[in-house]
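Here are the chains, one letter per residue:
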Amino acid sequence: EPPLIYLAPHRQAPGPGDLVLAKLKKLKDGTYEASVMHRIGGAERRDSVLGVFEMVKGQGRLRPTDRRQRYEFFIACGDDGDAKPGELVRAEVIPGKQLGLRQARVLERLGDTQGAKSVSLIALHERDIPIDFSDGALAQAEKAKAAPHKGRDDLRKIPLVTIDGADARDFDDAVWAEPDDSQNNPGGWHLIVAIADVAWYVRPGDDLDRSAYERGNSVYFPDRVVPMLPEVLSNGWCSLRPNEDRPCLAAHMWIDANGRLLKHKFIRATLCSAARLTYEQVQAARDGNPDDATGPLMESVINPLYGAYEALLKDRSKRGVLELDLPERQIHVDDEGTVTGVSIRQRFDSHKLIEEFMIA
């Protein structure tokens, strides 16, 4: 492993991707302090560059969107990928030294720079958010299949449901509740909270784990999502889709009538989500307006969920929890990524129900 090197304060602090010549001083704890002597190169040394394709006196040019990249690139005839002047393109820098501008080759045409979708593409590139997965990670994801039931508890007959926003793109958690039938817990509840068992598909140090570590999280834009894992997993085996068997980690919890946790246990299991519900659907059903999806689930799922939620609220009130109910804005965009309006996102008890179950 390389030693840990701390950067000493400098009037022009280098940024990610910068190459510098530095003087090192070993510290008592075995780490080093680096004093920058000379900046050799910066972000323009990256192998990939996003920019606007232009024609200058009959020659192709690439003007980078990242202001840290101070120089344009020369695009030779035949390397322009049929890009048109003014288009946003992704290019690779051609290695080697030559006089004049460095040379690049267009890899992908991304459309008009005035288009709404170009904003998120530029943000992705400027923030160094990885878009492409390694071949190893993609191959590993494609090979993924259903987790074996052996060694797992079977929750498939229990009607767990996912409750998310209408614009949710994956379903990570499912919930269920029933009155506790124990004579020692009158008015109490039995809860199950289950989450997708991602760890079954991603093991420490493998290609998927390294790709996920590079990203740290999924990144959401108005017109796209850059997932932490390839889509075949993030929207497939690691998404609790309705009426499909999925591996999960689940917590059984038993609470009393006042919401106090009496006992719990964690299990690995297989579930089959009974329905993909939205906050609006669940709240409307609770308020007396069920639809075709929530109507059959009123007695077996929705009413018990709210019963357990009301018990948890009693414990929350007793603890004196700080209540921050701040309005959240929702940005509306059309299929082209153009903003069409901004509204205050409605907040229901169904939102709070899921929050309380997750906290528990």
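Located above this text is the structure these notes cover.
Just so it is clear, the model here is predicted, and its values are computed rather than measured. (Residues numbered from 1 in each chain as written. Predicted model: local features only at pLDDT ≥ 70, side-chain atom pairs only at ≥ 80, totals over all residues. Heavy atoms only, no water.)

## A look at the nonpolar core
This is how it is decided: Residues enter a nonpolar core if they are buried and are Ala, Val, Leu, Ile, Met, Phe, Trp, Tyr or Cys, with the set joined through side-chain atoms within 4.5 Å. Three exposure classes are used, based on accessible area relative to the maximum for each residue type with a 1.4 Å probe and protein chains only: buried under 20%, partly exposed in between, and exposed over 50%. A helix here means a DSSP run of H or I that spans at least four residues, while a strand means a run of E at least two residues long, and both kinds are numbered starting from the N terminus. Here, residues are in contact when the closest pair of their heavy atoms is within 4.5 Å.
Val161, Ile163, Val175, Leu191, Leu305 and Phe357 are the most contacted members of the largest nonpolar core, which has 27 residues in total. Sorting the residues of this core by element identifies strand 10 (161-164), strand 11 (173-179), strand 12 (189-196), strand 15 (245-255), strand 17 (275-278), helix 5 (279-286), helix 6 (298-319) and helix 7 (349-359) as the ones contributing at least two each. Leave out the neighbours within four places in its chain, and Leu305 touches Val161, Ile163, Val175, Trp176, Ala177, Leu353 and Phe357.

## What to know about the packing of aromatic side chains
Under the convention used in this document: Only centres within 6.5 Å qualify two rings of Phe, Tyr or Trp (six-membered ring in Trp) as a pair; their planes then separate them into stacked at under 30 degrees, edge-to-face at over 60, and tilted for everything else.
Within the structure shown, the criterion is met by two aromatic pairs. Between Tyr201 and Trp237, the aromatic rings sit 6.5 Å apart at their centres with planes inclined by 25 degrees, giving stacked as the arrangement. You can see Tyr201 sitting in the loop between strand 12 and helix 3 (207-215) and its partner Trp237 sitting in helix 4 (residues 231-237), a full 36 residues away along the chain. When the ring of Tyr306 is compared with that of Tyr309, the centres are 6.3 Å apart and the planes differ by 85 degrees; the resulting orientation is edge-to-face. Taken as a pair, Tyr306 and Tyr309 lie in helix 6 at a separation of three residues, close to a single helical turn. With a relative accessible area of 2%, Tyr306 lands in the buried category. Looking at Tyr309, the relative accessible area reads 3%, which means it is buried.

## Some words on the side chain of Asn185
Applied cut-off: Here a polar contact means two N or O atoms within 3.5 Å. Within protein one must be a hydrogen donor candidate and the other an acceptor candidate, and residues neighboring in sequence count only if both atoms are side-chain atoms.
On the secondary structure map, Asn185 appears in the loop between strand 11 and strand 12. In this structure Asn185 comes out as buried when scored by relative accessible area, which is 4%. Polar side-chain contacts of Asn185 include one of 3.0 Å to the backbone oxygen of Ile255.

## Description of the side chain of Arg152
Along the chain, Arg152 falls in the loop between helix 2 (135-143) and strand 9 (153-154). A distance of 3.2 Å separates the side chain of Arg152 from the backbone oxygen of Ala269, its partner in a polar contact.

## Quick look at unusual backbone geometry
Non-glycine residue Lys57 carries a positive phi angle of around 50 degrees. Counting through the fold element by element, Lys57 comes out in the loop between strand 4 (48-56) and strand 5 (59-64). The exposure class of Lys57 is exposed, given its relative accessible area of 85%. Notably, Asn243 is not glycine yet its phi reads approximately 65 degrees, a positive angle. Mapping Asn243 onto the fold places it in the loop between helix 4 and strand 15.

## Thoughts on the packing of helix 2 against helix 3
Just so we agree on the cut-off: An axis is simply a line fitted to the C-alpha atoms; with a helix, the fit covers only the stretch in contact. Between two such axes, the angle follows the N-to-C directions and lies from 0 to 180 degrees. Angles below 35 degrees are treated as roughly parallel, those above 145 as roughly antiparallel, those between 65 and 115 as roughly perpendicular, and all remaining angles as oblique. In a left-handed crossing the near helix is turned counterclockwise from the far helix by less than a right angle, and in a right-handed crossing that turn is clockwise.
Where helix 2 meets helix 3, the closest approach of the two axes is 8 Å, and the angle between their N-to-C directions is 120 degrees. Here helix 2 lies oblique to helix 3, going by the angle between them. Every pair of crossing elements has a handedness; the one defined by helix 2 and helix 3 is left-handed. Across the interface between the two elements, Gly136, Ala137, Gln140 and Ala141 of helix 2 pack against Asp207, Leu208 and Ser211 of helix 3.

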